[in-house]
Amino acid sequence: MNDNLHQLRCFGCGVRIRGDQAGSIFRCKDCGDLFEVEYPGWGLVGGTDRPNAGALKWLWRERRASSELLDHSGVWRFREMLPILDSFGNAVTLQEGNTPLYHLPRAAKALGVDQLYAKHQGMNPTGSFKDTGMTAALSVAKERGFEWVACASTGNTSAAMAAYAARAGLKSLVLIPQGKIAWGKLAQAMDYGALTCQLKTDFDGCLRVLLTIVQQAPIYLLNSVNPYRLEGQKTPALEIAEYFDWSVPEHILVPGGNLANSSALGKGFREMKGLGLISRLPRISVIQAEGANPLVRSFAANSGTSLEPVAANTRATAIRIGNPASWRKAASVIHETGGWCLDVSEGEIAVAKAELGREGIGSEPASAVTLAGLKKLVAQGRVAPSDTVVLLLTGHTLKDADYTIDFHRGTLLNPEEAEPLHPQIAALRRDAVEVEATPEAVLRTLQEVQSRWETA
């Protein structure tokens, strides 16, 4: 490991240790808080370890046309920002990152916000943002000689870990909550060769079991408590800044589950500002589902200084987490950037997901909380028409196809959830229609449906 370039700092008490001193559960022995990676040499202006901002911008741009495999990765293309390996030849990559930033013209027009974009992390190799973190942390596991890696998961983490473990020739163990994971995600973990155990508990219960296991067996933990995961997950911040020619948007909205993603993006923007790559920070806001909103409750009760776990319940399974590990880091990012933390209902999530589908891109349900949350921020006057806004979409629409089908069939929401949004839902639903196998029947149906759509 590049211990001369990086170290781990406890986010709670500030104690600093070498990377190989973190222990199997990545918790500080003094206070129990999480670690984050830091690079001491970056703080020395003129120091030999401090990257040169202008040179980096040129280098990263040149790598986009490179034929070298590592340069095809949107994480390792920025490898000067995550010097966490002894040798970058040990990096395990599936050419993750470099995901598209889509303009959302329909939603922008409806909200009166001219510059509205979606950074679609669902376009990663396994279909979620987890790939950017997994390439970093699993590369560390490989370099350190581990044979087994493991995670507890609501779905996306298990898919990413299993894929990267297979690529690296490592064995993987997945613990998932029984009956609380989308089948598309479970299928991925199985297909990539993981030992998948369904436990009769929720995500937080799975994580508690796993934390005991990794302390008793030589298994490398790859949940987001692992600080190297966040080093990879910060790279979308670099991609966003690069897209806007190193100017940053006014607002970035992030789904809130285990809260590592918002923590990582905040770290990425903070480091860029410290190195002179950008001149200011964007406001980073975290959006949660009403049924899984411990950070929202924390901000309402005490401005995010303490958090009480909740019994999480939402159809957006990727963020069905009641005791998020990275809540202190996320709260710090919200305070530092001047963002907000709010929640949205099941009906609002479903409508927003369908609206993203009408943009031609789609997402998994958890991603749609960002558009639903933006509607509230606009209504509250917190987002101006001239602001540039980026929504972080964390997963591909095919991650949870059953959710989409149930919405369009009208079976997703119960009457109480659907009633306040009935006009929007009626206009967005596109259920399949049974039609006789004749041209006349299809044309007749086309005329009938077109008439309904025009009046909706």
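Here, every reference points to the structure presented above.
Note that this is a predicted model, so its numbers are computed, not measured.

## Here's the deal with the sheet that holds strand β11 (residues 283-289)
In spatial order, the strands read β4-β5-β13-β10-β11-β12; together these 6 strands make up an open sheet with mixed pairing. At either margin of the open sheet sits one strand with a lone partner, and together these are β4 (101-103) and β12 (341-344). Averaged over all pairs of adjacent strands, the angle between their axes in this sheet comes to 25°, without regard to strand direction. Of the strand pairs in this sheet, strand β5 (residues 115-120) and strand β13 (residues 388-393) are connected by 6 bridges, and their pairing is parallel. Residue pairing for β13: Gln115 is matched across the bridge by Thr388. Of the strands in this sheet, β11, β12 and β13 touch helix α12 (residues 346-358), which is tilted by about 90° from β12.

## Structural notes on the nonpolar core
In this structure, Trp76, Met81, Ile84, Leu138, Val149 and Met272 are the most contacted members of the largest nonpolar core, which totals 84 residues. Of all the elements, helix α4 (residues 156-168) adds the most residues to this core, at 7 residues.

## What about the pairing of β11?
The two faces of a sheet get side chains in turn, since along a regular strand they alternate between them. The buried fraction of β11 amounts to 6 of the 7 residues, a majority that puts the element mostly inside the structure. Strand direction decides the pairing type here: strand β10 (residues 251-255) and β11, joined by 5 bridges, are parallel. What sits directly across from His251, in β11, is Arg283. With helix α9 (residues 260-274) bridging β10 and its parallel neighbour β11, the resulting β-α-β unit is right-handed. When β11 meets β12, the two strands line up parallel, connected through 4 bridges. Each bridged residue has a counterpart across the sheet, and for Gln288 the counterpart in β12 is Asp343.

## Quick word on the side chain of Glu364
With respect to the helices, strands and loops of the structure, Glu364 is situated in the loop between α12 and α13 (369-379). Since its relative accessible area comes to 1%, Glu364 is described here as buried.

## Side note on the layout of surface pockets
In this structure, the largest pocket occupies an estimated 310 Å³ of space. For the lining of the largest pocket, the secondary-structure elements that each account for two or more residues are α6 (203-214) and α11 (327-337). Broken down by element, the residue count for the lining of the largest pocket peaks at 4 residues, all from α6.

## Some words on the packing of aromatic side chains
All chains considered together, the criterion is met by 9 aromatic pairs. Between Tyr39 and Trp42 the ring centres are 4.4 Å apart and the planes differ by 25°, which places this aromatic pair in the stacked class. Given a relative accessible area of 11%, Trp42 falls into the buried group. With 4.9 Å between their ring centres and 50° between their planes, Phe146 and Tyr220 make a pair best called tilted. Of this pair, Phe146 sits in the loop between α3 (130-143) and β6 (148-152) while Tyr220 is found in strand β9 (residues 219-221), placing the two residues 74 residues apart along the sequence. Taken together, the aromatic side chains of Phe26, Phe146 and Tyr220 make up a single cluster linked through ring pairs.

## Concerning a nonpolar patch on the surface
A surface patch of nonpolar side chains, about 230 Å² in accessible area, is lined by Val433, Val435 and Val442. Looking at the secondary structure, you find Val433 in the loop between α16 (422-428) and α17 (439-455).

## Digging into empty space enclosed by the protein
A complete count under the given rule lists 2 cavities of 30 Å³ or more for this structure. If you add up the space inside the largest cavity, you get close to 270 Å³. Residue lining of the largest cavity: 25 residues in total, with Phe129, Lys130, Gly257, Asn258 and Ala318 positioned closest to the centre. Every element with two or more residues in the lining of the largest cavity is listed here: α4 and α9. Tallying contributions element by element places α9 first for the lining of the largest cavity, with 3 residues. Approximately 50 Å³ is the volume attributed to the second largest cavity. Contributing to the lining of the second largest cavity are Phe11, Glu36, Leu230, Ser263, Lys267, Arg270, Lys329 and Val333. Contributions of two or more residues to the lining of the second largest cavity are made by α9 and α11. Grouping the constituent residues of the lining of the second largest cavity by class yields 3 nonpolar, 1 polar and 4 charged.

The rules we used
- Residues numbered from 1 in each chain as written.
- Predicted model: local features only at pLDDT ≥ 70, side-chain atom pairs only at ≥ 80, totals over all residues.
- Heavy atoms only, no water.
- Pairing = 2+ DSSP bridges.
- Helix = DSSP H or I, 4+ residues; strand = E, 2+ residues; numbered from the N terminus.
- Axes fitted to C-alpha atoms, helices over the stretch in contact; angles between N-to-C directions.
- Contact = heavy atoms within 4.5 Å.
- Core = buried A, V, L, I, M, F, W, Y, C linked by side-chain atoms within 4.5 Å.
- Buried < 20%, exposed > 50% of the residue type's maximum accessible area, 1.4 Å probe, protein only.
- Right-handed = clockwise from strand over helix to strand, strands pointing away.
- 1 Å grid on protein atoms, 1.4 Å probe; cavity = no way out; pocket = protein on both sides within 12 Å on 5 of 7 lines; lining within 4 Å.
- Points joined across faces, edges and corners; volume = space filled by probe spheres on them.
- Phe/Tyr/Trp six-rings, centres within 6.5 Å; stacked < 30°, edge-to-face > 60°.
- Patch = residues over 30% accessible without salt bridge, like charges linked within 9 Å, V, L, I, M, F, W, Y side chains within 5 Å.
- Areas by Shrake-Rupley, 256 points an atom, 1.4 Å probe, with all protein chains shown as cover.
- Salt bridge = Lys/Arg side-chain N within 4 Å of Asp/Glu carboxyl O.
- Nonpolar A, V, L, I, M, F, W, Y, C, P; charged D, E, K, R; others polar.

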